[in-house]
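Each chain is listed here by its residues.
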Amino acid sequence: MIINRKTFIKTSSLAAASFLFPNFLKALTLPEAIAMNGKTLIILQLSGGNDGLNTIIPVRNDIYYKVRNQISIKEENALSLTDEAGINPNLKYFKELYDNGELAVMNNVGYPGPNKSHFRSMDIWQSASDSRQFINSGWLGRYLDEACHDCQNPTQAIEVDDLLSLAMKGENNKAIAFKDPKKLFDNSQETLYKKLAEEHHDHDHDLASYLYNTLGNAINNSGYIFEESKTKPTDKVYPTTQIGKDFKTIASLIKSDINTQVYYLSIGSFDTHSNQNQKQNQLFKNINDAVEVFTKDMKENGKFNDVMIMTFSEFGRRVAQNASNGTDHGTANQMFFISGGLKKKGLLNPLPDLTNLKDGDLIYTEDFRKVYATILKRWLNSDDKKILGKDNGYYDFI
């Protein structure tokens, strides 16, 4: 059977994914796979630019209510955190985490020279670059480079998605992207897929040979991750939303013996130029419900002290609402940290100063790369200066 690259790609639903899946699966049985240090990091990306002022609400700030006369969250509706701050009422479980000392909030996070383009600002956050610097690797991908010098197929990072984000691409290593372990296994058993993998072929095209080899690896190893995901099945009923399913996948893998330390997932879109409250409220409800089940799952399995959920969004929104009961692209925002292993809890710094704006936007006070440095050094036990390219300092919440 003679087959060229074009035909091969057309005949298998997993051909494109084979660049990622088989190497990952094979790596799980390799001796060079690095063991975990006991900590797990989950990055939750709020895609589209979440409005931070309607997330952590400055309930005593007259400016907030004046410039948002239609979309502000009233003090009586916000869930009280402090005398000055409340949290969006659709994040009820986050309020419970706050009261339990299991939630920390970093306000006013950003970077110098903020960019209001979704794509460029997301690249800055995912690569940890300066606003005028272009880097083709991600901060977690470079963590993989640092953590796995000699691994041919690192398994330390997984993105629960069909495509791999820049954040997870290193200079030498890349994370793994997939949605559903069962779907991966089922697809690997397709009749045509198996037939192609089992046949012997001689090719003068290196790529074709590589693809055939990875097909064989997929057949031999695709059952491993599926079986691992079932080793300690949860009795928790997760929401049927996509984020609920994604957190269920992560939970099953955390409770297995897979050595993954970093998981990455996203939800959106938070690009709320119009009818903001309706859109944001539904997204928050989906996040709240999924995080609640996941957190309780981790607690009941003795994992919560070693698991951290960190949220970020590529930028916040303008302070004033627009004419469509929404907000336009802004600058600084807050980040959430959820874990049983926090050393400092609650609001880690003051709320944004609404009297000191630049062209109607917040002026950041905390650099996101200092947050990354803290996570890399104190949670993932890695060389943050090498990964980020400079000394950013550290926070003391972990």
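Just so you know, these numbers come straight off a predicted model, no measurement behind them.

### A few points about the packing of aromatic side chains
Given two aromatic rings, one states the distance between the centres and the angle between the planes to describe the pair. Tallied over the entire structure, the rule returns 12 aromatic pairs. Ring geometry for Tyr111 and Phe368: centres 5.9 Å apart, planes at 75°, overall edge-to-face. A residue pair is termed long-range when its members are at least 10 positions apart, and Tyr111 in the loop between strand E5 (103–110) and helix H5 (118–127) and Phe368 in helix H12 (residues 368–378) qualify at 257 residues. Taken as a pair, Tyr111 and Phe368 share a single burial class, namely buried. Taken together through their ring pairs, the aromatic side chains of Tyr111, Trp125, Trp139, Phe312, Phe368 and Tyr372 make up a single cluster. Arg120 extends its terminal NZ or CZ atom over the ring of Phe134, reaching a point 3.9 Å from the ring centre.

### Quick word on the sheet that holds strand E4 (residues 85–87)
Pairing in this open sheet of 3 strands is antiparallel, and the strands run E2-E4-E3 from one edge to the other. Each edge of the sheet is formed by a strand with only one pairing partner; in this case those strands are strand E2 (56–58) and strand E3 (79–80).

### A word on the pattern of salt bridges
Taken as a whole, this structure holds 18 salt bridges when the rule is applied. Notably, a salt bridge pairs Asp130 with Lys390, separated by 4.0 Å at the nearest N-O pair. Highlighted residues: Asp130 in the loop between H5 and helix H6 (139–147) and Lys390 in the segment after helix H13 (384–388), separated in sequence by 260 residues. Judged by its relative accessible area of 35%, Asp130 is partly exposed. For Lys390, a relative accessible area of 39% puts it in the partly exposed group. With a shortest N-O distance of 3.0 Å, Asp396 and Lys344 are connected by a salt bridge. Taken together, the residues Asp396 in the segment after H13 and Lys344 in the loop between strand E10 (333–339) and strand E11 (346–347) connect sequence positions 52 residues apart. Residue classification places Asp396 among the partly exposed residues on the basis of a relative accessible area of 42%. On the accessibility criterion, Lys344 (40% relative accessible area) is partly exposed. Taken together, the shared-partner salt bridges connect Asp130, Asp367, Arg369 and Lys390 into one network.

### Looking at the nonpolar core
In this structure, Ile42, Phe94, Phe247, Ile287, Val291 and Phe294 are the most contacted members of the largest nonpolar core, which totals 43 residues. Here this core gets 8 residues from one element, more than from any other, and that element is helix H11 (residues 276–300). When residues of this core are assigned to domains, at least three map to each of domain 1 (49–116 + 268–297 + 317–397) and domain 2 (128–266). Those residues within four positions of Ile42 in sequence are excluded, and the remaining contacts are Phe247, Ile250, Ile254, Tyr263, Leu265, Phe294, Val307, Met308, Ile309 and Met310.

### Details of the pairing of E5
Among the 8 residues of E5, 8 are classified as buried, and the element is accordingly described as predominantly covered. One ladder, built from 5 bridges, connects E5 with E10; its direction is antiparallel. Across the sheet, the residue bridging to Leu103 is Ile338, located in E10. Pairing between E5 and E11: 2 bridges, direction parallel.

### Concerning helix H10 (residues 242–254)
Over its 13 residues, H10 extends 18 Å from the first C-alpha to the last, a length consistent with the 18 Å expected when each residue adds 1.5 Å. Extensive coverage of H10 is indicated by the burial of 10 of its 13 residues. Listed in full, the buried residues belonging to H10 are Ile243, Gly244, Asp246, Phe247, Thr249, Ile250, Ala251, Ser252, Leu253 and Ile254.

### Details of the packing of H10 against H11
Interaxial distance between H10 and H11 falls to 9 Å at its minimum, and their mutual angle equals 15°. Compared by their axis directions, H10 and H11 come out roughly parallel. As H10 packs across H11, the resulting crossing turns out to be right-handed. Of the residues in H11, those touching H10 at Ile243, Gly244, Phe247, Ile250, Ala251 and Ile254 are Asn286, Ile287, Ala290, Val291, Phe294, Asp297 and Met298.

### Notes on helix H4 (residues 92–99)
Within the span of H4, buried status applies to Tyr93, Phe94, Leu97 and Tyr98. One side of H4 carries all its buried residues, which in axial view fall inside an arc of 150°. Gly101 occupies a position one or two residues after H4 and carries a positive phi of about 75°.

### Concerning a positive patch on the surface
Taken together, the side chains of Lys343, Lys377, Arg378 and Lys385 make up a positively charged region of the molecular surface. Summarising the element assignment, Lys377 is placed in helix H12.

### Quick notes on the side chain of Ser72
Structurally, Ser72 is set in the loop between helix H3 (62–67) and E3. On the basis of relative accessible area, Ser72 is assigned to the buried category, the value being 6%. Separated by 3.0 Å, the side chain of Ser72 and the backbone oxygen of Arg68 make a polar contact. Here Lys74 takes part through its side chain, which lies 3.2 Å from a polar atom of the side chain of Ser72. Once residues within four sequence positions are removed from consideration, Ser72 is found in contact with Asn54, Tyr64 and Tyr65.

The rules behind the values
- Residues numbered from 1 in each chain as written.
- Predicted model: local features only at pLDDT ≥ 70, side-chain atom pairs only at ≥ 80, totals over all residues.
- Heavy atoms only, no water.
- Phe/Tyr/Trp six-rings, centres within 6.5 Å; stacked < 30°, edge-to-face > 60°.
- Helix = DSSP H or I, 4+ residues; strand = E, 2+ residues; numbered from the N terminus.
- Buried < 20%, exposed > 50% of the residue type's maximum accessible area, 1.4 Å probe, protein only.
- Lys NZ or Arg CZ within 6 Å of the ring centre and 35° of its normal.
- Pairing = 2+ DSSP bridges.
- Salt bridge = Lys/Arg side-chain N within 4 Å of Asp/Glu carboxyl O.
- Core = buried A, V, L, I, M, F, W, Y, C linked by side-chain atoms within 4.5 Å.
- Domains from an automatic or database assignment.
- Contact = heavy atoms within 4.5 Å.
- Expected span 1.5 Å × (residues − 1).
- Axes fitted to C-alpha atoms, helices over the stretch in contact; angles between N-to-C directions.
- Parallel < 35°, antiparallel > 145°, perpendicular 65-115°, else oblique.
- Left-handed = near helix turned anticlockwise from the far one by under 90°.
- Arc of directions from axis to C-beta.
- Patch = residues over 30% accessible without salt bridge, like charges linked within 9 Å, V, L, I, M, F, W, Y side chains within 5 Å.
- Areas by Shrake-Rupley, 256 points an atom, 1.4 Å probe, with all protein chains shown as cover.
- Lys, Arg positive; Asp, Glu negative; His and termini not counted.
- Charge placed at Lys NZ, Arg CZ, Asp CG, Glu CD.
- Polar contact = N/O pair within 3.5 Å; in protein donor to acceptor, adjacent residues only side chain to side chain.

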